[in-house]
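Take a look at the letters that make up each chain.
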Amino acid sequence: MSVDLGGVVLRNPVVLSAGTAGYLDEMSEVLDLARVGGVVTKSITRMPREGNATWRVLPAGVGMLNAVGLANVGVEAFVERMGPRVTGVPCAVIGSAAGFSVEEYVVVAASLDAVEGVKAVELNVSCPNVHGGVEFGSDPGLLRELVGAVRGVVKYSRLFVKLSPVVSGRVGISELARAAVEGCGVSGGPNGRPGADALCVANTIPAMAIDVRTRRPLLANVTGGLSGPAVHAAAVKLVYDVHRRVAREAGVPVIGVGGVMRWEDAAEMILAGATAVGMGTALFADPRSPIGVVRGLERWVRSQGASSVRELVGAVVV
Ligand SMILES: Cc1cc2nc3c(=O)[nH]c(=O)nc-3n(C[C@H](O)[C@H](O)[C@H](O)COP(=O)(O)O)c2cc1C
């Protein structure tokens, strides 16, 4: 069941997704972290952030709506309080970095990279740029610049880029994946790559809900991100496209995220091209659900006559 994400070896392909499992190991109160492959921290910014006003997390049909607004203690406090505990976490720890300028991302990524035991830094590029207001992750030029700059400072751990599903005009997810993998062309890090060592596909989908009686938006932030079963089929297609068009050829593994609630959803992601699978919304419904997903995947791999889960990555028959 073990998989390799560009040099980060996971005991199994199931990872707890950014922002849904606390800062580090809070989930260990209800879920044995030795049974999952990895945990991604909530996204950390340079300065502390209160986040958006409430309500900021809501049920939304067959999914969830959130506009947390990157509430976090800031990178200095994170490193001081959580840093010393990272090596004690019994699964791979991936630090998520967010920012509103290239400089902010660089500072946060360098700080997370320097924490002993952090295996990878994942860039959450679904943040608007302070200069142009455009999301870093929706503009290939901005994304190249960002990845190139961060690549230079992530020296010990691997660099993951979590793509945004927000694409505009003629730009598709493949152009964004290519930008993340190629960066500015200057190689760095333990693998000597110019860009991402792995791609995470994808983040939440922009969404909104309205109270028809008061005519007010349900989220204080007006709009937010949709996750859970409602986005699953869309996420599978994004993983399929990124794997086929960019990642496979570049030799870059994909972490498939979006609406994975049951083992069948995870297996679908793997067949579409994901080497690992993230779970987020499922943790709110049942924090132990990753264990059932791992067990189900084990049985599925055997029933498919495969000797390892790796054999089934991208193995959809089309
Ligand atoms: C409450 C909540 C908070 C989240 N916070 C973050 C975050 O800090 N950074 C990030 O990259 N993604 C964040 N996400 C997105 C998830 O990591 C994941 O990409 C998305 O929810 C889709 O997966 P899911 O359908 O399994 O939840 C958050 C999602 C939720 C529901």
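Each remark here, short or long, concerns the structure printed above.
Keep in mind that this is a model prediction, so the values were computed, not measured. (Residues numbered from 1 in each chain as written. Predicted model: local features only at pLDDT ≥ 70, side-chain atom pairs only at ≥ 80, totals over all residues.)

Undergrad: Can you help me understand the site of the ligand in this one?
TA: What surrounds the ligand is a group of 26 residues, the closest being S17, G19, S227, G280 and T281. Elements with a contribution of two residues or more to the shell around the ligand: β6 (64-66) and α7 (281-285). Residue composition of the shell around the ligand, by class: nine nonpolar, 15 polar and two charged. (Near = placed C-beta within 6 Å. Helix = DSSP H or I, 4+ residues; strand = E, 2+ residues; numbered from the N terminus. Nonpolar A, V, L, I, M, F, W, Y, C, P; charged D, E, K, R; others polar.)

Undergrad: Looking at this structure, how should I read the pairing of strand β7 (residues 92-97)?
TA: Successive side chains on a regular strand alternate, one facing one side of the sheet and the next facing the other. Counting buried residues in β7 gives six out of six residues, a clear majority hidden from the surface. What you see with β7 is no split at all: A92, I94 and S96 on one side and V93, G95 and A97 on the other are buried throughout. Relative to β7, strand β4 (residues 38-40) runs parallel, the two being bridged by three bridges. Pairing of G38 across the sheet is with A92, part of β7. Sheet analysis places β7 next to strand β8 (residues 118-124), joined by five bridges and oriented parallel. In the strand pairing of β8, I94 is matched with A120. Handedness of the crossover joining β7 and β8 through helix α2 (residues 102-113): right-handed. (Buried ≥ 20, exposed ≤ 12 C-beta atoms within 10 Å, placed from the backbone. Pairing = 2+ DSSP bridges. Right-handed = clockwise from strand over helix to strand, strands pointing away.)

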